[in-house]
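Listed below, chain by chain, are the residues.
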Amino acid sequence: MLRPYIVGITGGSASGKTHFLNSLLSAFTEDEITLISQDNYYRNRNEVPVDKNGIKNFDVPESINFQLYAHHIHELRMGNEIHVKEYTFNNPNAEPRMLTFKPTPIIVVEGIFVFYVEEIARLLDLKVFIDAKNKIKLNRRIKRDADERGYDLTDVLYRWENHVQPTYRRFIKPFKAYADIVIPNNQHYEKGLQVLIAYLKTKFPAQQ
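Please read these numbers as outputs of a predicted model, since none were measured by experiment.

**Here's the deal with the nonpolar core**
Then comes step 1: Judged by nonpolar contacts, the single largest core of 33 residues is most densely connected at Ile36, Tyr69, Ile73, Val109 and Ile120.
Then comes step 2: Broken down by secondary-structure element, the contributors of at least two residues to this core are helix H2 (66-77), strand E3 (82-85), strand E4 (98-101), strand E5 (106-110) and helix H5 (153-172).
Then comes step 3: No other element matches the five residues that H2 contributes to this core.
Then comes step 4: Apart from the residues lying within four places of it in its own chain, the contact partners of Val109 are Ile6, Val7, Gly8, Ile9, Ile36, Tyr69, Ile73, Val114, Ile120 and Leu124.
Then comes step 5: Ile9, Phe20, Tyr189 and Leu196 belong to the second-largest nonpolar core, a separate cluster that totals 20 residues.

**Points about the packing of aromatic side chains**
Then comes step 1: Applying the stated criterion across every chain yields a total of ten aromatic pairs.
Then comes step 2: A ring pair is formed by Phe66 and Phe113, whose centres lie 6.0 Å apart and whose planes are at 80°; its orientation type is edge-to-face. Of this pair, Phe66 sits in helix H2 while Phe113 sits in the loop between E5 and helix H3 (118-121), and the two are 47 residues apart along the sequence.
Then comes step 3: Ring plane angle 40° and centroid distance 6.1 Å describe the contact between Phe175 and Tyr178, whose orientation is recorded as tilted.

**Some thoughts on the pairing of E4**
Then comes step 1: Residues Leu99 and Phe101 of E4 are buried on one face, while the alternating residues Met98 and Thr100, pointing to the opposite face, are not.
Then comes step 2: Pairing geometry for E3 and E4, over four bridges, is antiparallel. Pairing of Ile82 across the sheet is with Phe101, part of E4.

**Focus on the confidence of the model for the protein**
Then comes step 1: Summarising the model, the protein shows a mean pLDDT of 92, and 94% of its residues fall at 70 or more.
Then comes step 2: Confidence scores differ between elements of the protein, with helix H4 (residues 134-149) showing the lowest mean pLDDT of 85 and strand E6 (residues 126-131) the highest of 98.

**Thoughts on the side chain of His72**
Then comes step 1: By the secondary structure assignment, His72 is in helix H2.
Then comes step 2: What makes His72 buried here is its relative accessible area of 9%.
Then comes step 3: Filtering out sequence-adjacent residues up to four positions away, His72 remains in contact with Ile36, Tyr41, Ile82, His83 and Val84.

Rules behind the numbers
- Residues numbered from 1 in each chain as written.
- Predicted model: local features only at pLDDT ≥ 70, side-chain atom pairs only at ≥ 80, totals over all residues.
- Heavy atoms only, no water.
- Core = buried A, V, L, I, M, F, W, Y, C linked by side-chain atoms within 4.5 Å.
- Buried < 20%, exposed > 50% of the residue type's maximum accessible area, 1.4 Å probe, protein only.
- Helix = DSSP H or I, 4+ residues; strand = E, 2+ residues; numbered from the N terminus.
- Contact = heavy atoms within 4.5 Å.
- Phe/Tyr/Trp six-rings, centres within 6.5 Å; stacked < 30°, edge-to-face > 60°.
- Pairing = 2+ DSSP bridges.
- pLDDT = per-residue confidence, 0-100.

Shown next as structure tokens:
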């Protein structure tokens, strides 16, 4: 098996990465592409740092087990199957599954810190940054956190101002300059998506 081509995809919270990723994955078969997301590597709730007001901050690098995440990416790169327990964002109604990731020719590594953490960034062959305006990201975050995580508006706005925005300014935005591709996603991302798909299809020479 040839060494897989590893694509890192990042962007601010609610920049639309999930929808973009779903569209990207749908262009390939399960034997061609694997997505391994940072979201499944959050530390246990009692290990997550708290802010000055005692609120747990899931939007700092210390909330993620990057040692395990990097190890699993490396294992996939070496052609080994890996297993990790699904993270359900403390949703008591969600039953976590044991997730299995198999090595494929293309591996997508996704998360808000994947450019920032050097141990992961150096494994990436291609860096893609999904970009969106702040007001659009905030509107998306309000809807997502209410629908998927049960957070009320006050909680969402507090986390946005005190956790999400400081993290974006410090750990995400500075690395936009190092991206190979920046894809705007204020309204749509179709053109950028098609460019990326076409490029990744070239990683299957036998199909040309």
